[in-house]
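Inside the fold
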Amino acid sequence: MNNTELWQSVLAQMQFYISKANFATWFQNTEIILKENEKIIISVPNAFSKEWLSNKYNKLILKILHTADESIKDLDFIIKPQTAKSSISKINEINEKNEESQLKFEEFKTNKETNLNPRYTFESFVVGSSNELAHAAALAVADSPGFTYNPLFIYGGTGLGKTHLIQSIGNKICNDLKKKKVKYISSEKFVSGIVSAIRTNSMESFKASLAPIDVLILDDIQFIAGKNKSQEEFFHVFNSLYEKNKQIILSSDRPPNAIAELEDRLRSRFEGGMIADVSLPDYETRLVILKIKLQEKNMEIAEEILEYIAANVKKNIRELEGALNKLLIYVKINQSINLDTAKKILKGFVFSPFDVANYKKIIETVAKFYNLEEKNLFDPTRRKEIVKPRQIAMFLLRRELKYSFPAIARKFGGKDHTTAIYAYKKILQENEENNKLTEELNLIKQRIYSG
């Protein structure tokens, strides 16, 4: 077989060993360009792909090649940039020239028709264990909008890539299926539109403006909770689009079953499609993100500094980019940087858990998560909507801050410490038996430790 056939055979077999998401990320735009004696040369689109394939998949690729052709005993990767540039690449190139003197990770201007940011693409999205399922589901929706997963509901904490991912779907559909009408709207703007339509008696016109949309992308859908009229109108919009096989994509900071004051009929619709989460990226993914950002800026920083950032800046991706950006400004001024200097510069970015988690933060986070005021947690009431959050707050004070039970009791108005013991044991037991509660606790802790 020739080089093309050989590489197609390798790609076909690689899909049995790695996920669809990783395959799409790492093997796009690769090919065998030379077979020399016992060695195969594979071209990759950039330095980062070369490093990743060399470190992660070298042995597996070689094994498959050797099975296909026993004479092959070695392989190497070389960088061969893609000559055919997509329209998005051209947009990026133009913007980079206009902003070459700036170091900020700035957003490019959004498309006025779709509201999508052309910078958000699948190619620039880093896939890791924290977002693998969400990425695979997003790709599937982009390939077959309205039929694969509808609705697609992606949730996770702030700054973890939800907006990037859902806008990537829209951008891919716009490029691949140009006849599809895509619209990205933040839920806040969507609610404002409904309120304005109600005030001006133009609700029918508002709904008519959404009717031609083939793909509706709504960010931060939790914002609609508690707004009864907005929920009612969105329910009708949802049904109208869904019945016509129009794709609906939603993002939230929590899963549907954890959104307080969300109507049951909407929760049921959201849970009827695909629900996937994005969580805090692991060390390996954080390091990959840093290297991609460096490559985008065409700058260099020592590997040990990147490893230090990845190991110590764990809040979210925005924080990670902010830390790198701060170092790049220093490098721009001083030409170089060492690890000791980097540690000093990043002092404000590096926290221990106890720097972030404290009594005030736990009370504030629990109250906000359950749409309560902080003072509600201390009300002497046995209402379920208050008792459960209060018990969770007690549980977290004990679990995360190691408060004694008498100290917890004093914080909650001098209650008997047996009340705090009961609350701790009850949440501990339910956490082991109830997946929904486990998910809520994880999301609350994620918010606490994200500063």
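What you are looking at is a predicted structure, and each value in this text was computed from that prediction instead of being measured. (Residues numbered from 1 in each chain as written. Predicted model: local features only at pLDDT ≥ 70, side-chain atom pairs only at ≥ 80, totals over all residues. Heavy atoms only, no water.)

Here's the deal with the overall build of the chain
- Check the secondary structure of the chain and you find 20 helices and eight strands.
- Expressed as a percentage of its 451 residues, the buried residues of the chain come to 47%.
- Taking the average location of the 66 positive side-chain charges in the chain and that of its 57 negative ones, the two points are 5 Å from each other. (Helix = DSSP H or I, 4+ residues; strand = E, 2+ residues; numbered from the N terminus. Buried < 20%, exposed > 50% of the residue type's maximum accessible area, 1.4 Å probe, protein only. Lys, Arg positive; Asp, Glu negative; His and termini not counted. Charge placed at Lys NZ, Arg CZ, Asp CG, Glu CD.)

Brief notes about the packing of helix H3 (residues 47-68) against helix H11 (residues 283-297)
- Packing of H3 against H11 leaves a shortest axis separation of 10 Å and a crossing angle of 150°. The pairing of H3 with H11 is recorded here as roughly antiparallel in orientation. Residues Ala-47, Phe-48, Glu-51, Trp-52 and Lys-56 of H3 pack against Glu-284, Val-288, Lys-291, Ile-292 and Gln-295 of H11. (Axes fitted to C-alpha atoms, helices over the stretch in contact; angles between N-to-C directions. Parallel < 35°, antiparallel > 145°, perpendicular 65-115°, else oblique. Contact = heavy atoms within 4.5 Å.)

Overview of the nonpolar core
- By size, the foremost hydrophobic cluster in this structure holds 57 residues, and its most contacted members are Phe-234, Phe-270, Val-366, Ile-392 and Leu-396.
- Considering every element that reaches this core, the biggest residue donor is helix H17 (residues 384-401), with eight residues.
- Setting aside residues up to four positions removed in sequence, Val-366 forms contacts with Leu-377, Pro-389, Ile-392, Ala-393, Leu-396 and Ile-444.
- Formed by 51 residues, the second largest nonpolar core is a distinct cluster that contains Ile-42, Phe-48, Ile-61 and Leu-328. (Core = buried A, V, L, I, M, F, W, Y, C linked by side-chain atoms within 4.5 Å.)

What about unusual backbone geometry?
- A cis amide bond links Asn-150 to the next residue, Pro-151, at an omega of 0°.
- The backbone phi angle of Asn-115 is positive, close to 70°, even though this residue is not glycine.
- Assignment of secondary structure puts Asn-115 in the loop between helix H4 (87-98) and helix H5 (132-143).

Describing the sheet that holds strand E2 (residues 39-44)
- Strand order in the open sheet formed by three strands is E1-E2-E3, and the pairing between neighbours is mixed. What marks the edges here is a single partner per strand, and that holds for strand E1 (31-36) and strand E3 (74-79). In this sheet, adjacent strand axes meet at a mean angle of 25° when their direction is disregarded.
- In the sheet, E1 pairs with E2 via five bridges, with the strands oriented antiparallel. Within E2, the residue paired with Lys-35 across the bridge is Ile-40. (Pairing = 2+ DSSP bridges.)

Some points on helix H20 (residues 435-449)
- The first and last C-alpha atoms of H20 sit 21 Å apart over 15 residues, in line with the 21 Å expected at 1.5 Å per residue.
- Regarding H20, its N-cap is Asn-434, as a side-chain oxygen of that residue lies 2.8 Å from the backbone nitrogen of Lys-436 further along. (Expected span 1.5 Å × (residues − 1). Polar contact = N/O pair within 3.5 Å; in protein donor to acceptor, adjacent residues only side chain to side chain.)

Topic: the side chain of Lys-162
- Locating Lys-162 in the fold gives a position in helix H6 (residues 162-176).
- For Lys-162, which is buried and forms no salt bridge, the nearest opposite charge comes from Asp-220, at a distance of 5.0 Å.
- Within polar-contact distance, the side chain of Lys-162 engages the backbone oxygen of Gly-156 at 3.0 Å. (Salt bridge = Lys/Arg side-chain N within 4 Å of Asp/Glu carboxyl O.)

What about a nonpolar patch on the surface?
- A cluster of nonpolar residues, Ile-33, Leu-34 and Ile-78, forms a patch on the protein surface that exposes about 200 Å² of accessible area.
- Structurally, Ile-78 is set in strand E3. (Patch = residues over 30% accessible without salt bridge, like charges linked within 9 Å, V, L, I, M, F, W, Y side chains within 5 Å. Areas by Shrake-Rupley, 256 points an atom, 1.4 Å probe, with all protein chains shown as cover.)

Quick word on the pattern of salt bridges
- On inspection of all chains with the given rule, the structure shows 23 salt bridges.
- Across the salt bridge formed by Lys-56 and Glu-284, the nearest N and O atoms sit 2.3 Å from each other. Placement of Lys-56 in helix H3 and of Glu-284 in helix H11 is noted, with a sequence separation of 228 residues between them.
- By relative accessible area, which is 42% here, Lys-56 ends up partly exposed.
- Among the residues examined, Glu-284 registers a relative accessible area of 35% and is labelled partly exposed.
- Note that Glu-385 is salt-bridged to Arg-383, the shortest N-O span being 3.0 Å.
- Here the salt bridges share partners, and the residues they tie into one network are Glu-204, Lys-207, Lys-229 and Glu-233.

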